Amino acid sequence: MKYRYIVVEGPIGCGKSTLARLLAEHYRADLLLEDPSANPFLPLFYRDMKRHALSTQMFFLFQRINQLASVRQPDLFEKKTIADYMLAKDALFAKLTLDDNEFNLYSQLYNHLKPQAPTPDLVIYLQPSVGHLMARIPRRARPMEKGISEDYLARLSESYTRHFYDYQDSPLLIVNSDPFNFVDNSDHMDMLIKRVESLRGKREYVNAA
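Counting starts from 1 at the beginning of each chain's written sequence and moves along it residue by residue. In keeping with the predicted nature of the model, local features appear solely for residues at pLDDT of at least 70, side-chain atom pairs appear and are counted solely at 80 or more, and the whole-chain, interface and lining totals rest on all residues. To get the side-chain values, all heavy atoms of the structure are used, and hydrogens and water are removed first.

### Thoughts on the confidence of the model for the protein
No. 1: Every residue gets a pLDDT, meaning the predictor's confidence in that residue, from 0 to 100. Considering every residue of the protein, the mean pLDDT works out to 90; 97% of them sit at 70 or more.
No. 2: Averaged pLDDT values over the elements of the protein bottom out at 84 in helix 6 (residues 130-140) and peak at 97 in strand 4 (residues 122-126). Secondary structure elements are defined from DSSP: runs of H or I of at least 4 residues count as helices, runs of E of at least 2 residues count as strands, and each element is numbered from the N terminus.

### Some words on helix 8 (residues 186-198)
No. 1: A rise of 1.5 Å per residue sets the reference length of helix 8, with its 13 residues, at 18 Å; its end C-alpha atoms lie 18 Å apart and thus fit the reference within 8%.
No. 2: Residue exposure (1.4 Å probe, protein chains only): buried if accessible area is under 20% of the type maximum, exposed if over 50%, otherwise partly exposed. Of all the positions in helix 8, only His 188, Met 189, Leu 192, Ile 193 and Val 196 are classed as buried. Relative to the axis of helix 8, the buried residues are bounded by an arc of 130° and lie together on one face. Opposite the packed face of helix 8, turned more than 90 degrees from it, sit the exposed residues Asp 187 and Lys 194.
No. 3: On its buried side, helix 8 packs onto helix 1 (16-27), strand 4 and strand 5 (172-175).
No. 4: Distance and chemistry together define a polar contact, namely a pair of N or O atoms within 3.5 Å, with one atom able to donate a hydrogen and the other to accept it when in protein, and with adjacent residues in sequence counting only for side-chain atoms on both sides. Two to three positions downstream of the cap, the backbone nitrogen of Asp 187 sits 3.0 Å from a side-chain oxygen, assigning the N-cap of helix 8 to Asn 185. In this scheme, a helix's expected span is set at 1.5 Å multiplied by one less than its residue total. The reported arc concerns the directions from the helix axis to the C-beta atoms and nothing else. The contact definition used throughout considers only heavy atoms, calling two residues in contact when any of these lie within 4.5 Å.

### A look at the nonpolar core
No. 1: Among buried residues, those of type Ala, Val, Leu, Ile, Met, Phe, Trp, Tyr and Cys that are joined through side-chain atoms within 4.5 Å constitute a nonpolar core. Ile 12, Leu 19, Leu 23 and Ile 124 are the most contacted members of the largest nonpolar core, which totals 66 residues.
No. 2: If sequence neighbours within four positions are ignored, Ile 124 has contacts with Ile 6, Val 7, Val 8, Glu 9, Leu 19, Leu 23, Leu 173, Val 175 and Val 196.

### Let's talk about the packing of helix 3 (residues 49-68) against helix 5 (residues 100-113)
No. 1: Where helices are involved, their axes are fitted lines through C-alpha atoms of the stretch in contact, as for all axes, and angles between N-to-C directions lie from 0 to 180°. Where helix 3 contacts helix 5, the axes come no closer than 11 Å and their chain directions differ by 5°. Considering their axes alone, helix 3 and helix 5 lie roughly parallel with respect to each other. Every residue of helix 5 that contacts helix 3 at Leu 54, Gln 57, Met 58, Leu 61, Phe 62 and Ile 65 is listed here: Glu 102, Leu 105, Tyr 106, Leu 109, Tyr 110 and Leu 113.
No. 2: Three classes are used: nonpolar for Ala, Val, Leu, Ile, Met, Phe, Trp, Tyr, Cys and Pro, charged for Asp, Glu, Lys and Arg, and polar for all others, with Gly counted as polar. Of the residues belonging to the contact of helix 3 with helix 5, the class tally is 10 nonpolar, 1 polar and 1 charged. The scheme is simple: roughly parallel for angles under 35 degrees, roughly antiparallel for over 145, roughly perpendicular for 65 to 115, oblique for anything else.

### Digging into unusual backbone geometry
No. 1: You will see that Arg 28, though not glycine, has its phi angle at about 50°, which is positive.
No. 2: Considering the arrangement of structural elements, one finds Arg 28 in the loop between helix 1 and strand 2 (30-32).
No. 3: Note on Arg 28: relative accessible area 74%, which makes it exposed.

### Some remarks on the packing of aromatic side chains
No. 1: Note on aromatic contacts: the rings of Phe and Tyr and the six-membered ring of Trp form a pair at centre separations within 6.5 Å, being stacked when their planes are under 30 degrees apart, edge-to-face when over 60 apart, and tilted otherwise. Within the structure shown, the criterion is met by 9 aromatic pairs.
No. 2: With a centroid separation of 6.2 Å and 25° between ring planes, the pair formed by Phe 103 and Tyr 106 is classed as stacked. Placement of both Phe 103 and Tyr 106 in helix 5 is noted, with a separation of 3 residues, approximately one turn of the helix.
No. 3: Classification of Tyr 106 by relative accessible area gives buried; the value is 1%.
No. 4: Aromatic rings pair up to connect Tyr 125, Tyr 160, Phe 164 and Tyr 167 into one cluster.

### Concerning the environment of Lys 2
No. 1: Along the chain, the position of Lys 2 falls in the segment before strand 1 (5-9).
No. 2: You can call Lys 2 exposed: its relative accessible area is 52%.
No. 3: Taking the C-alpha atoms as reference points, Lys 2 and Glu 197, 195 residues apart in sequence, are found 7.6 Å from one another.
No. 4: Once residues within four sequence positions are removed from consideration, Lys 2 is found in contact with Leu 199 and Arg 200.
No. 5: Among the polar contacts listed, one links the side chain of Lys 2 to the backbone oxygen of Leu 199, at a separation of 2.8 Å.

### Things to note about the side chain of Lys 89
No. 1: Residue position: Lys 89 is located in helix 4 (residues 88-97).
No. 2: A distance of 3.4 Å separates a polar atom in the side chain of Lys 89 from a polar atom in the side chain of Glu 9.
No. 3: Dropping the residues within four chain positions of it, Lys 89 is found in contact with Glu 9, Gly 10, Lys 16, Glu 34, Arg 64, Asp 84 and Tyr 160.

Given below as structure tokens:
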């Protein structure tokens, strides 16, 4: 497998952490997962987004940049890393939740820290429907996510779509993820791995047969 640093991305509930784990196991790679449970502001954010958005985003920004520092320092044998987020995700959420003054303040710090984040060798973007996300979130059984509205998920999904429409920094594999079950269907996982390993262009799409 030619990629040293792969990122799996997509909106809340799309299955990116699960897929990252499966890929890391398959390739015997290091696994880098974001840790939302460590953010003390996140439960408050889901109860009152406007009031707690800035503190939530600032915590995530520092957490993510600190985690990603390890990817910039590969060991002697260039071990591979699979992550379930990229730093640009942080800015997507910030633009969605912060008011103009807060976003301007946040952007100054983000732009200062952004050069410290490594560029992925490949991004796998899981693109589910909003209805699929609404069905998955209750199954995650995370109490703080109970208040997530369909409108919020729709706006978040649209933010991801706009971001990856213009994305050029890395090869991009866009997966129409609704029909796939990478955990229980080995054929689905095998197909995805073949597409990852045969990728030649800068942008390709994966749909169910």
